[in-house]
Amino acid sequence: MKSRLLLACATILLAQGVMMAQVSGDVLGMHDLSPGSGSPVLAPGNLGCTFCHAPHSGIGGITPLWNQTLSKQTYMPYASSTSPQQGNTQPPLGRSSSLCLSCHDGTVAVGQSAAYGRIPTTGNMNNIDVLGTNLSGSHPFSVVLPMKDSPDLVASLVSQGKTADPLQKVKLKSGNIECTSCHNPHVQGIDTVAQNFLVRDSSNGQMCLACHDPNRVVSGKVNPIAGWTGSIHATATNKVAGQAQVGSYGTVAQNACSSCHMSHNAQGPVRLLRAANPPAPTVDPTTQDCLTCHSGELNLSPSSPNIYAEFVKPGHPLPAGNNVHDAAETAVLSNNRHATCADCHNPHSANQVSSFTIPPAIRVSQAGVAGVSAADGVTVLTPAVNQYENCLRCHGTSAGKGTNPATFGYLPAYPNSAGDPLNVISQFGSTTLSSHPVMRDFSSSFSQPSIRKFMVNLDGITNGRPIGSRILCTDCHNSDDNREFGGPGPNGPHGSKWMHILERRYEFSQAPAPGQNITNPLQGLTPSNLGSIGGPFAMCAKCHDLTGSGILSASSFSGHASHIITDGFSCSVCHTAHGVAQTGSIPGVGLVNFDANVVSANGSGVPISYNSATNTCTLRCHGYDHNGDGTITPSALRGIGRTGVPVKSK
């Protein structure tokens, strides 16, 4: 018995000596389980390499004298809709990655040696080092060969089996991606900061860029990481607190890819997305990935805008249930309606907005994002050139658009409609009769006495951006505290306290039935408070002067003052906020398109109509019949409407 024990000890010492000679200069770090090594798992004595190798008694043939008992588990590999052609296979037993998994899948005890039996240990591996058998949250390895090319891979990877690492430390193993392509198990501190057994310094995403090329152009194919090199996430010098747990380095730029992606144990497995820290368990994985840095926490210095705070307001619908975002989804979101950060922003190419450029060009914060052509509502534009093209992914021809008044507020019904009231192409496009200048330049043969030279800021007083020939969707649909117009919050339609994600208040008149009295007349209105902060038409007042020298003057329509100030009607009764489709009985000038929920045809049976030459309308509203000759007469449904003899509207 004593001789056997001496032989075992001699074998262990010999193994250590031989292996250390072969890998002279190695610093095993936590892979040395000797006391004082810093490893969370420790064994008595100084056994060094023995936990992995046995020079005379290891598992021979296919392994490098391997000593740790191999795991024979079946693994669930990484899978992604954006790389289905690549495919993954089970790591061949005893080859490369299989050796690492013999400890790191957590199913075989550390120290369960093939040559010497169970070597006693104390402690446990860190959770982040235990990968389990579900490897769907780990970077793909042991892929099906031959490897398939992709626009985001360096050209030499498939064609030559060679990475773009200038140091040639990141390498394919037998033409494949394996654990040792990125990790050197014998040296923990090659990257002196990360200390993760990396084969080289990985700051600024250098290891990722050894295989992934954001600058490669392949004809007819989209590079999903195009624009990365100059993007804000690749260049930001914001300091990152350790509590954020988004990488080992000190700044956003140094952490680079690892700010959003995890090589192992990603909680958003498809595309290896990080979970939010602090947690945001009710939010989908794609949105969570952004919230560690964009939720107002003290994770960044200087801090970034608090997007998460906007989500508590009514806003764009985040995924719920099965309607999650997927990078391979179609640009026109018909059957998978949602609005994640990645639907409106491309994190690989987005930049910080330092100046607010004139419309309609898309802002740099949305650089590289997909869009849809306004010409047909179908043609995909990658990237979108104009901001509205990105909005058309959902607000154009997409099917399944629904309305939820409890979330977005009252929706008028306009007689002139192209069928789908939520398809804004028919309201803003080239065939519309009149529209706000979103998809086409402002053009009108009528005078526009109310239009300001500058949009006014949220305070309703100071001048903001000059008003030109176009406006953006986000000039109206925006966070109610956005910084472009003087607030402290983020720009964009993330959420607003006002209905329809409007930047400012805009009231809609409503009636119990068409033609009857409105149920919510605006009281106590004066020319000065219509567009004031929180005023009922503050949204309109951003671009239009609502005072006596503007809308309320007789220069455009003499009935504005009486309808608004006296009767308390909203602009929405007679005007559409978007544009007038080229159909119906209304000529469409001046955005006139009556709300059919509030007005009806009058007693003469003439359809709801408007004569722009005489500025008269034919309809029934607030209990009165408005006639084509300009007279107004009480109707049987008048109720408590205005009284008196017939009067002219002009």
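Everything numeric in this text was worked out from a predicted model, so none of it was measured.

### Observations concerning the side chain of Q68
Okay, so step 1: Mapped onto the fold, Q68 is located in the loop between α1 (2–22) and α2 (97–104).
Okay, so step 2: For Q68, a relative accessible area of 1% translates into the label buried.
Okay, so step 3: Separated by 3.5 Å, the side chain of Q68 and the backbone oxygen of S102 make a polar contact.
Okay, so step 4: Here the side chain of Q68 touches A109 through a polar contact of 2.9 Å, landing on its backbone oxygen.
Okay, so step 5: Once you skip the residues sitting within four places of it in the chain, Q68 turns out to touch F51, C52, I59, S102, C103, V108, A109, V110, G111, Q112 and S113.

### A closer look at the pairing of strand β9 (residues 463–466)
Okay, so step 1: As judged from the two bridges shared by strand β8 (residues 454–456) and β9, these two strands associate in the antiparallel manner. Following the sheet pairing, V456 is matched in β9 by N463.
Okay, so step 2: With antiparallel pairing between neighbouring strands as the criterion, β8 and β9 make up a hairpin whose turn holds six residues, including G460 at a positive phi of roughly 75°.

### Section: the pairing of strand β14 (residues 631–634)
Okay, so step 1: Pairing between strand β13 (residues 624–626) and β14: three bridges, direction antiparallel. Across the sheet, D625 pairs through a bridge with T633, a residue of β14.

### A short note on helix α7 (residues 285–294)
Okay, so step 1: Within α7, burial applies to T286, T287, Q288, D289, L291 and T292.
Okay, so step 2: In this structure, the buried residues of α7 make contact with α8 (341–344).
Okay, so step 3: G296, located one to two residues past α7, shows a positive phi value of around 80°.

### A look at the packing of aromatic side chains
Okay, so step 1: Tallied over the entire structure, the rule returns four aromatic pairs.
Okay, so step 2: Here R504 stacks its cationic end above the ring of F485, 5.9 Å away from the centre of that ring.
Okay, so step 3: When the ring centre of F485 is taken as reference, the NZ or CZ atom of K542 above it lies at 3.4 Å.

### Describing the pattern of salt bridges
Okay, so step 1: Under the definition given, this model contains 17 salt bridges.
Okay, so step 2: With a closest N to O distance of 2.8 Å, R216 and D149 form a salt bridge. Here the residue R216 occupies a position in the loop between α4 (179–182) and α5 (232–235), and D149 occupies one in the loop between β2 (117–118) and α3 (155–159), the gap between them amounting to 67 residues.
Okay, so step 3: Here D149 falls in the partly exposed class, since its relative accessible area comes to 36%.

Definitions and cut-offs
- Residues numbered from 1 in each chain as written.
- Predicted model: local features only at pLDDT ≥ 70, side-chain atom pairs only at ≥ 80, totals over all residues.
- Heavy atoms only, no water.
- Helix = DSSP H or I, 4+ residues; strand = E, 2+ residues; numbered from the N terminus.
- Buried < 20%, exposed > 50% of the residue type's maximum accessible area, 1.4 Å probe, protein only.
- Polar contact = N/O pair within 3.5 Å; in protein donor to acceptor, adjacent residues only side chain to side chain.
- Contact = heavy atoms within 4.5 Å.
- Pairing = 2+ DSSP bridges.
- Phe/Tyr/Trp six-rings, centres within 6.5 Å; stacked < 30°, edge-to-face > 60°.
- Lys NZ or Arg CZ within 6 Å of the ring centre and 35° of its normal.
- Salt bridge = Lys/Arg side-chain N within 4 Å of Asp/Glu carboxyl O.

These results come straight from atomic positions and should not be treated as a statement about function.
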